[in-house]
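Geometric and topological summary
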2 protein chains.
Amino acid sequence: MINIIIITHGEFGAYLVEAAEGIVGPQDGGVLCVGISARMSVVEVRGRLSEALERVRGKGEMIVVTDMPGGTPANVAIPLLKDRPEVPVISGVNLYMLVTAFNYRKTAATASELAEKMLSAGQRAVSNIRVLLAGRA
Amino acid sequence: MINIIIITHGEFGAYLVEAAEGIVGPQDGGVLCVGISARMSVVEVRGRLSEALERVRGKGEMIVVTDMPGGTPANVAIPLLKDRPEVPVISGVNLYMLVTAFNYRKTAATASELAEKMLSAGQRAVSNIRVLLAGRA
């Protein structure tokens, strides 16, 4: 079972997890959200993320998911995981990326394989759905 | 000013808006969220979205943004907007897509132009940020 740690500006990560669980079913642990506010210092954000990383230590592989390539979540995650190249750090979390993570985190062979699936799903989800649906009709 | 209507599973759309406003600054109206729950009927979801569309009627162009290509939000939005081809309907909302919408909704010439910018930003945000940052170094 691959652990998923989601770090976002504000609290939307937790609500996104709730929405994905509503589609896929509840996850039995191993999914942690870190929501940061503008009032937190970088030191505090780093502490929160370290704490989440510590909570899943020794419990299997993990993927860190951020909301966008820049900004505090990504800027804190990258240096903190510099010496752990086996942990994928991906950005741009959306609902379908998370639904895909929840669907495959039990069966994916490696975190890296799951991260690829999540990136592919996340990207495909960003689309002009009028065009998409017209193409299917 | 282009209106943005966000329809999602659950309430994460409203929190995503809050996070984007935390980065870009508060939006003076014209941004509406419709959150749907598993307990709502399709008729009720359609009613909520119709109401949001009605609230921005005559106040400029609009874009409808959903969380993923399938699922109730997209499945309700597409038929409801069948006779309004001028309204882009896009999916896969993530933070950077919304930040981009808020940055350009005052200056974009058309909803279609803004939708293209949002799709491009949303897709670019979905990335392996270790690789992205290594490439930039």
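Shown above is the structure to which this text applies.
Below is a summary of the structure that appears in this document. This one's a predicted model, so the numbers in the text were calculated from it and none came from an experiment.

Moving on, we come to the sheet that holds strand S4 (residues 89-91) of chain A. Strand order across the open sheet formed by five strands is S2(A)-S1(A)-S3(A)-S4(A)-S5(B), with mixed pairing between neighbours. For this open sheet the edge positions go to strand S2 (31-36) of chain A together with strand S5 (127-128) of chain B, each flanked by a neighbour on one side alone. One ladder, built from six bridges, connects strand S1 (residues 3-9) of chain A with S2(A); its direction is parallel. Paired with A:Ile5 across the two strands is A:Leu32, which belongs to S2(A). Here helix H1 (residues 12-24) of chain A sits on the sheet and contacts S1 and S2 of chain A; the angle it forms with S1(A), its principal contact strand, is near 135°. The strands touched by helix H3 (residues 71-80) of chain A are S1, S2, strand S3 (62-66) and S4 of chain A; relative to S1(A), the strand with the most contacts, the crossing angle is about 135°.

Now for the interface of chain A and chain B. Facing the 40 residues of chain A at the interface are 40 residues of chain B. Where chain A abuts chain B, roughly 3200 Å² becomes buried across the two surfaces, and 69% of that area is made up of carbon and sulfur atoms. Among the residues of chain A in contact with chain B, A:Val126, A:Ile129 and A:Arg130 are the three that bury the most area, contributing 22% of the side total. Joining chain A to chain B, the criterion identifies zero salt bridges. Those elements that provide at least two residues to the side of chain A that touches chain B are H1, H3, S4, helix H4 (95-104), helix H5 (111-125), strand S5 (127-128) and helix H6 (129-136) of chain A. Partitioned by chemical class, the residues of the side of chain A that touches chain B number 25 nonpolar, nine polar and six charged. When S5(A) meets strand S4 (residues 89-91) of chain B, the two strands line up antiparallel, connected through two bridges. Across the sheet, A:Asn128 pairs through a bridge with B:Ile90, a residue of S4(B).

Moving on: the relation of the copies chain A and chain B. By a simple turn and slide, chain A fits onto chain B: the slide is 0.0 Å along the axis, the RMSD is 0.0 Å, and the turn is 180°. Taken together, these values place the two copies in the relation of a two-fold axis. Take the interface residues of chain A: 100% of them recur as interface residues in chain B, which is what a same-surface contact looks like.

This next bit is on the environment of A:Pro79. Within the secondary structure layout, A:Pro79 lies in helix H3. It is 33 Å that separates the C-alpha atoms of A:Pro79 and A:Ile23, two residues lying 56 residues apart in sequence.

Attention now moves to the sheet that holds strand S2 (residues 31-36) of chain B. Pairing between sheet strands relies on hydrogen bonds along the backbone, with the strands arranged either parallel or antiparallel. Judged by pairing direction, the sheet is mixed, and its five strands sit side by side in the order S5(A)-S4(B)-S3(B)-S1(B)-S2(B) without closing on themselves. Edge positions in the sheet fall to S5 of chain A together with S2 of chain B, since each has one partner strand and no second.

Reading the values: the criteria
Residues numbered from 1 in each chain as written. Chains lettered and ligands numbered in written order. Predicted model: local features only at pLDDT ≥ 70, side-chain atom pairs only at ≥ 80, totals over all residues. Heavy atoms only, no water. Pairing = 2+ DSSP bridges. Helix = DSSP H or I, 4+ residues; strand = E, 2+ residues; numbered from the N terminus. Contact = heavy atoms within 4.5 Å. Axes fitted to C-alpha atoms, helices over the stretch in contact; angles between N-to-C directions. Buried area = accessible area lost by both parts, 1.4 Å probe. Salt bridge = Lys/Arg side-chain N within 4 Å of Asp/Glu carboxyl O. Nonpolar A, V, L, I, M, F, W, Y, C, P; charged D, E, K, R; others polar. Least-squares fit on C-alpha atoms with pLDDT ≥ 70 in both.

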